[in-house]
Structures are given as structure tokens and as C-alpha cells.
Amino acid sequence: VAVLIDDIGYDPGALKKLLAIEAPVAFAILPRTPHSRSSAEAIHRAGREVLLHLPMEPHGYPTRDPGRGALFVSMRAREIRRTLEEDIRSVPHAEGVNNHMGSRFMEEREPLKAVFDVLRDRGLYFVDSLTTDASAARDAAAETGVPFAARDQFIDDAEDRSRARTHLGRLLETREHWTELLLIGHPYPETVAALEEMIPQFQSRGIEFVPLSSLIESRHASRNMGANGNPNRNRTP
């Protein structure tokens, strides 16, 4: 299991509690927030993985606002690259990128190609948060050779934050039906408490928590093997 916590950059207290959990949790930091840089430095010092949580245009914009440093489908490739580079600079030590919102942007192959060209040149991986079923990110990653993985499940719900404990408990109950998972959550107090409680229970059942990059490397290698006619042994539900 790999765990990624999104929306870091506003609450240093929640980050401190998450960093105290004895598992290699990764963190996606929103750019240009009050604590973007200091959060990245704290995560890096703790030996955990830093990602840029890249704001992208959602369906419903401007009612739904992705925030500062966002990418929009109306941007030319040059503007996308410039904005992305500025976002990356605001989050030092980033090893990868995942999308914040982006249900509109993630459906557009050409704007995504501009993003993935930058990621390839910088040696960064990409995690698709799957905010839209019509995401073109997997194809863009394959075209550019960027290491890629899509999340399997969200472990919490903004509408009902108490559900993190329920979601994790259900995954533990269905242990025989999955082999690996990429889980995404948020720094809600209820999610932090659920992770503190449930991660030791997972570990006591022999379930290993791994760095996000190692799961991505495994899936990337499996896709390459699959392209050569070999079986993909890392399928998830």
C-alpha cells in the first residue's frame, strides 16, 4: 500500500501529526500557499516524498476555483510550461506531481502533453487523482515516457470526513481481494486519526506500506512488460 496525502500547505499542525506516523506516507503540496516551501522542507527532512499538487481547471470553473498557479485549457503550451515551472519552484524537493481538481484540464490531451514534456525533462513522475473518468493522462504518460500511476481509492470524503475509518476498515476486511493499492487522502483531523489507528492494524496483518515512488516504478515496469507481451502482475481492483 502507498498513501498520498493531498492539499498540504495550509496546516502545519496536521502535517506534523502525519509525519509522526510510522509509515512512508507521501505528501502533495499546493503551490504558492503560505506554507508551501516550509512544508516541503519539513517533509524532505523527515525522509518522506514530496509531490507538487498541481492545480488544474475543473468543470464548473469559476464557481469551483483551483487556486493559485492553476493550469487552464485556454493556455498556450508556452504559458502552461511557464506556470508549471513556477509552481515547481515553489515546492522544493518535489519528486512527482499529481493533479488538484482538474476534471476539465485532465480530459485534454494537448495541454496535458505540454505538462508531461516538462515532467519528462525534469525526471518527475505523475499520479492521476482520477477526478474525471475521461482522463487522458495515462495516454499522455505513455507517449512521453513519464512514470505514471492512477489512484485506486480516496480514503476520505469532503462531504463526510468521518468515512476515512470506514473506508480503511473495509479495505482491511477485503484483504484477500487486492494485491496493491494507491490511496489518496487529505489532512482532515478525522483522516489523520484514522491513519494513526488503522496503519498499525494493516501492518499487523502483514500488509506493507511502501514509498509511493516504488509503487510507481513497479507499475511503470509492469506496463512496459505488458507492452512486450508479458503479463502485468500488478493489477489492482
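Higher on the page you've got the structure.
Figured I'd write up the structure that's included with this text. These numbers come from a predicted model, not from an experiment.

## Remarks on the sheet that holds strand β7 (residues 153-154)
And step 1. Strands sit in the order β6-β5-β4-β3-β2-β1-β8-β7 across an open sheet of eight strands; the sheet is parallel. The sheet is open, and its two edges are formed by β6 (148-150) and β7, each paired on a single side.
And step 2. Relative to strand β8 (residues 182-185), β7 runs parallel, the two being bridged by two bridges. Bridging from a neighbouring strand, F154 pairs with I184 of β8.
And step 3. On top of the sheet, helix α2 (residues 36-45) reaches β1 (2-8), β2 (26-29) and β3 (50-56); it is set at about 165° to β2, its chief contact.

## Brief notes about the nonpolar core
And step 1. Of all hydrophobic cores here, the largest spans 62 residues; its most connected members are F27, L112, V115, F116, F126 and F202.
And step 2. Leaving out residues up to four positions away in the same chain, F116 has contacts with F126, A137, A140, A141, T144 and V146.
And step 3. If you look at the next biggest cluster of nonpolar residues, it comprises 14 residues, including L4, A28, L51 and I216.

## Some points on the pattern of salt bridges
And step 1. Following the criterion strictly, the structure yields twelve salt bridges and no others.
And step 2. Of the charged contacts in the structure, one is a salt bridge between D87 and R32, with a shortest N-O distance of 2.8 Å. Note that D87 is positioned in helix α3 (residues 77-90) and R32 in the loop between β2 and α2, a separation of 55 residues in sequence.
And step 3. The class for D87 is buried, based on a relative accessible area of 0%.
And step 4. The partly exposed category is assigned to R32, whose relative accessible area is 26%.
And step 5. Across the salt bridge formed by R219 and E180, the nearest N and O atoms sit 2.7 Å from each other. Of this pair, R219 sits in helix α8 (residues 212-227) while E180 sits in the loop between α6 (163-173) and β8, and the two are 39 residues apart along the sequence.
And step 6. Look at R219 and you get buried, because its relative accessible area is 10%.

## Re the packing of α3 against helix α4 (residues 109-122)
And step 1. Closest axis-to-axis distance for the α3/α4 pair is 9 Å, and the angle between their directions is 45°. Comparing the axis directions of α3 and α4 gives the class oblique. Classified by chirality, the crossing of α4 by α3 is right-handed. For the pair formed by α3 and α4, the contact residues are A77, I80, R81, L84, E85 and I88 on the first element and P111, A114, V115, V118, L119 and R122 on the second.
And step 2. The residue inventory of the contact of α3 with α4, partitioned by class, reads nine nonpolar, no polar and three charged.

Cut-offs applied
- Residues numbered from 1 in each chain as written.
- Predicted model: local features only at pLDDT ≥ 70, side-chain atom pairs only at ≥ 80, totals over all residues.
- Heavy atoms only, no water.
- Pairing = 2+ DSSP bridges.
- Helix = DSSP H or I, 4+ residues; strand = E, 2+ residues; numbered from the N terminus.
- Contact = heavy atoms within 4.5 Å.
- Axes fitted to C-alpha atoms, helices over the stretch in contact; angles between N-to-C directions.
- Core = buried A, V, L, I, M, F, W, Y, C linked by side-chain atoms within 4.5 Å.
- Buried < 20%, exposed > 50% of the residue type's maximum accessible area, 1.4 Å probe, protein only.
- Salt bridge = Lys/Arg side-chain N within 4 Å of Asp/Glu carboxyl O.
- Parallel < 35°, antiparallel > 145°, perpendicular 65-115°, else oblique.
- Left-handed = near helix turned anticlockwise from the far one by under 90°.
- Nonpolar A, V, L, I, M, F, W, Y, C, P; charged D, E, K, R; others polar.

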